Each structure stands twice: as C-alpha cells, then as structure tokens.
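Report on the structure
As a plain string of letters, each chain reads:
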Amino acid sequence: MRRYVIAGNWKMNFTPSQATAFINEIKPMVAGKDNCDIIFCAPYVTIDAAMKAAEGSNIKIGAENVHFAEKGAYTGEVSAEMLKEIGVEYVIIGHSERRQYFGETDETVNLRTKAALAAGMKVILCLGEVKEQRLAGITREIVSMQTKLDLAGVSAEDMKNVIIAYEPVWAIGTGLTATPEQADETCGQIREALAEIYGAEVAEATIIQYGGSMNEKNAAELLAKTNVDGGLIGGASLVAAKFTAIVDAAQ
Ligand code: PEP
C-alpha cells in the first residue's frame, strides 16, 4: 500500500519572511490531514525559516537541488552534508527547469541522486518527456530510459528513499495538464521500468507522483488513478487554499 506524497516546489519564490508567513497560514489548514505526507521544497536561504515555522506540524521542508560532490570548488552549489546538518530530509533532483536552464543531464542527475541517498536523504527524482517526444509517440521509451539512467547504481534497498515525480515537461507551468489517463499510463510505464531493474516488489512499493499544472480542480481525478501516488506542485503550492485543496483530494 503506497502512501500519497503531496509536495510543493516553490522554485525561486518566497523569501524567508514570506515563507514563514505562508507556513503559518497553511499549518492550521492542513493540520490532522494525515493520509499523505506534506512537503514544501524551498530555496536554500528560505529552508531554515520555513522549518522553524513548520516545527511541530505535519509539514516537512525539503530542498530543490543538491550537488554531487562532498565539498570543494563548486561555486554556488550546496552539498548533501550541508543540507543534512540543518535537518533537510527531502530533496528534488532533476527538475526539468534544472535540465533545461542549467545544463543538467541524466548523468549529473544520477550523481546527485546517489550523493543524496548516500547522505541518508530522500530524493524526489523528476523525469518526463518534452512535447515533441509525446507527439512522436516515444514517451514510454523516454521515461523508461530516464528511469534507468537516473537510477543507475542505486540499490533496491535505496529505492525506499526514492520518490519519482513524473513531470511531462509540456505540462509544467503551462496550465496544460496530462489527462488522468495519460498520467496513469506513463506512471505505469515508469513502474514497469522499475520492475525491469529491481523486480515487481520494489516497483509496486515505489511512490510515483504526477507533476504538471496539478491544481485544486484536477487533483482529485489525477490522484484517483492507480499509478499516481501524489503530486509535485509548482504554481498551486504558492497559494495556501489551492495547495490545501490538493491535500484534501489525497485524504
Ligand atoms: C513543478 O515545478 O514541478 C510543477 C509541476 O510546476 P506547475 O505545477 O506550476 O506546473
């Protein structure tokens, strides 16, 4: 039985004081809604304030990326050890914006994933096809290949700490959403790729979220699908009422 995970990706939004105000607003709104894990992934400088505001609640605060090296000459990057020390448990890796604008590849996504797991963190690994790939009918091949490349060298044991976020790139921040059937089908294809690597037991146990313009209107239908175990939410994670409605849909 897989548990729903509803995660917000704040991207480059919310200063520390804005994050504090947001968490204080949403905390009572999601209190007691324990049928899902609730996570907000925040910009590095905002993590600490968000964590303090979330203390004692059912909200966890994660990071939006992590570097693969332990330390060294990587200006502007943050290591897993640094995140661990301030109490970060979850980290998004491989978001399409990182791949698109910051040159990340399946190879660097794989290195970051392994570094985060080695440090004892939980990874939200993002993957998904671009519009041309969906139109060309090669979505299955693309998500299957990404699953295999991004998880190369990750053990079956470590898969307990991996959540996969299926995020069709054409649906992120565009207002376009995969239909519940498309989301279910592609999450299922990712599960099949996991079964090829790790066997059926690990594949069935792995949480696979859908992300891409999930909102208060479409969440219930998407989350009702067998292979959709939660959501990774961008825009709607910045509005307390919208995010709470998605949490409600997972109850
Ligand atoms: C995301 O950033 O992962 C995302 C899915 O964004 P949005 O919900 O805004 O499409």
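Calculation criteria
- Counting starts from 1 at the beginning of each chain's written sequence and moves along it residue by residue.
- Totals for whole chains, interfaces and linings use every residue, but because this is a predicted model, local features are given only for residues with pLDDT of at least 70 and side-chain atom pairs only at 80 or more, for both listing and counting.
- To obtain the side-chain values, all non-hydrogen atoms of the structure were included, while hydrogens and water were left out.
- What makes a salt bridge here is a side-chain nitrogen of Lys or Arg within 4 Å of a carboxyl oxygen of Asp or Glu, nothing more.
- We call a residue buried when its accessible area falls under 20% of the maximum for its residue type, exposed when it is over 50%, and partly exposed in between, using a 1.4 Å probe and counting protein chains only.
- The criterion for an aromatic pair is that two Phe, Tyr or Trp rings (for Trp, the six-membered ring) have centres within 6.5 Å, with stacked assigned to planes under 30 degrees apart, edge-to-face to planes over 60 apart and tilted to the rest.
- In this text, helices come from DSSP runs of H or I with a minimum length of four residues, and strands from runs of E with a minimum of two, each type numbered from the N-terminal end.

1. Quick notes on the pattern of salt bridges
Throughout the structure, instances matching the rule amount to 19 salt bridges. A salt bridge links R98 to E104, with the nearest nitrogen and oxygen atoms 3.1 Å apart. In this structure E104 comes out as buried when scored by relative accessible area, which is 6%. Residue R112 is joined to E104 by a salt bridge in which the shortest nitrogen-to-oxygen separation is 3.2 Å. In the salt-bridge network here, residues are joined through shared partners; they are R2, R191, E204 and D229.

2. Observations regarding the packing of aromatic side chains
Tallied over the full model, the rule gives nine aromatic pairs. Note on W10 and F14: the rings are 4.8 Å apart at their centroids and 75° apart in plane angle, and the pair reads as edge-to-face. A relative accessible area of 18% places F14 in the buried class. The interplanar angle of 40° and the centroid separation of 4.5 Å between the aromatic rings of F40 and F243 together place this pair among those described as tilted. Here F243 lies in helix 11 (residues 240-249) and F40 lies in strand 2 (residues 36-42), a separation of 203 residues in the sequence.

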